[in-house]
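# Breakdown of the fold
For reference, the chains in residue letters:
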Amino acid sequence: GGPNVSTAMAVREQHGHDESMHTCTPPDAVVWPQAVGQVQELAALCYRCRVPMVPFGTGTGLEGGVNAVQGGICFDLSRMDTIAELSLEDFSVAVEPGVTRKALNSHLRDTGLWFPVGTVGASAASGEAMAPGVAWGQGAA
């Protein structure tokens with residue numbers, strides 16, 4: 001509740017579009033989970049009530065994936081922004097879905113490593129397989 005849930009139209013509209021050409025289709029509510037357990041509980045509740053779930057990172061997608069075309073609850077994952085583990089030996093990093101490319105690169109600054117494009121969460125969520133992913137490594141589930 002409180003600061004972790006909103007039904008305000010301005011907030012819903014902000015979460016109902018990305019950088020694509022698609023018109024805004026806002027969700028019925030926006031929630032900001034801050035831990036995996038909260039995501040699991042919210043997802044189970046949505047499943048039981050047959051309410052669509054729409055994940056939201058930064059809204060920079062180009063495919064309209066954040067548009068809530070059937071209503072539902074938007075899960076804004078931006079507050080889940082912990083960089084949990086970095087292994088320089090195998091060039092891997094474990095991050096929460098709200099970690100941005102800028103934040104990750106700031107964390108990596110003194111290591112000589114960098115994440116070249118996009119948002120980290122979106123890349124992992126979509127199994128992104130583009131040229132930079134092939135050249136620099138790719139997310140693994």
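Structural notes, computed from the coordinates.

What counts and how
Residues numbered from 1 in each chain as written. Predicted model: local features only at pLDDT ≥ 70, side-chain atom pairs only at ≥ 80, totals over all residues. Heavy atoms only, no water. Helix = DSSP H or I, 4+ residues; strand = E, 2+ residues; numbered from the N terminus. Buried < 20%, exposed > 50% of the residue type's maximum accessible area, 1.4 Å probe, protein only. Contact = heavy atoms within 4.5 Å. Areas by Shrake-Rupley, 256 points an atom, 1.4 Å probe, with all protein chains shown as cover. Core = buried A, V, L, I, M, F, W, Y, C linked by side-chain atoms within 4.5 Å. Pairing = 2+ DSSP bridges. Axes fitted to C-alpha atoms, helices over the stretch in contact; angles between N-to-C directions. Arc of directions from axis to C-beta.

### Concerning the overall build of the protein chain
Scanning the protein chain from N- to C-terminus turns up five helices and six strands. Helices and strands appear in the protein chain in the N-to-C order β-α-β-α-β-β-β-β-α-α-α. The buried share of the protein chain, reckoned over its 141 residues, is 29%. At a minimum sequence separation of 6, the contacts of the protein chain that also span at least 24 residues come to 45%. Put simply, the protein chain shows about 8900 Å² of open surface, and 57% of that area lies on carbon and sulfur atoms.

### Structural notes on the nonpolar core
With eight residues, the main nonpolar core is built from Val11, Val30, Trp32, Val54, Phe56, Val66, Ala68 and Cys74. The contacts of Val30, once residues within four sequence positions are left out, are Asn4, Val5, Ser6, Val11, Arg12, His15, Cys74 and Asp76. Listed in part, the seven residues of the second largest apolar core include Ala29, Val31, Ile73 and Leu77.

### As for the sheet that holds strand 1 (residues 5-6)
The four strands lie next to each other as 1-2-4-3, forming an open sheet whose pairing is mixed. Strand pairing shows two members of the sheet lacking a second neighbour, strand 1 and strand 3 (53-56), which therefore form its edges. The pairing of strand 1 with strand 2 (residues 29-31) spans two bridges and is antiparallel. Note that in strand 2 the partner of Val5 across the bridge is Val31. Where helix 2 (residues 36-49) meets the sheet, its contacts fall on strand 2, strand 3 and strand 4 (73-76), and the angle it forms with strand 4 comes to roughly 170°.

### Concerning the environment of Leu104
Looking at the element boundaries, Leu104 is found in helix 3 (residues 101-108). Taking the relative accessible area as the measure of exposure, Leu104 reaches 1% and is therefore buried. Placed 11 residues apart in sequence, Leu104 and Val93 show a C-alpha to C-alpha distance of 9.2 Å.

### As for helix 3
Within the span of helix 3, buried status applies to Leu104, Asn105 and Leu108. Taken end-on, helix 3 shows its buried residues confined to a sector of 95°, consistent with a single buried face.

### Examining the pairing of strand 6 (residues 92-95)
Strand direction decides the pairing type here: strand 5 (residues 83-87) and strand 6, joined by four bridges, are antiparallel. Residue pairing across strands places Ser87 opposite Ser92, the latter belonging to strand 6. Remark: four residues form the turn of the hairpin made by strand 5 and strand 6, two consecutive strands paired antiparallel; Phe91 in that turn has positive phi of roughly 55°.

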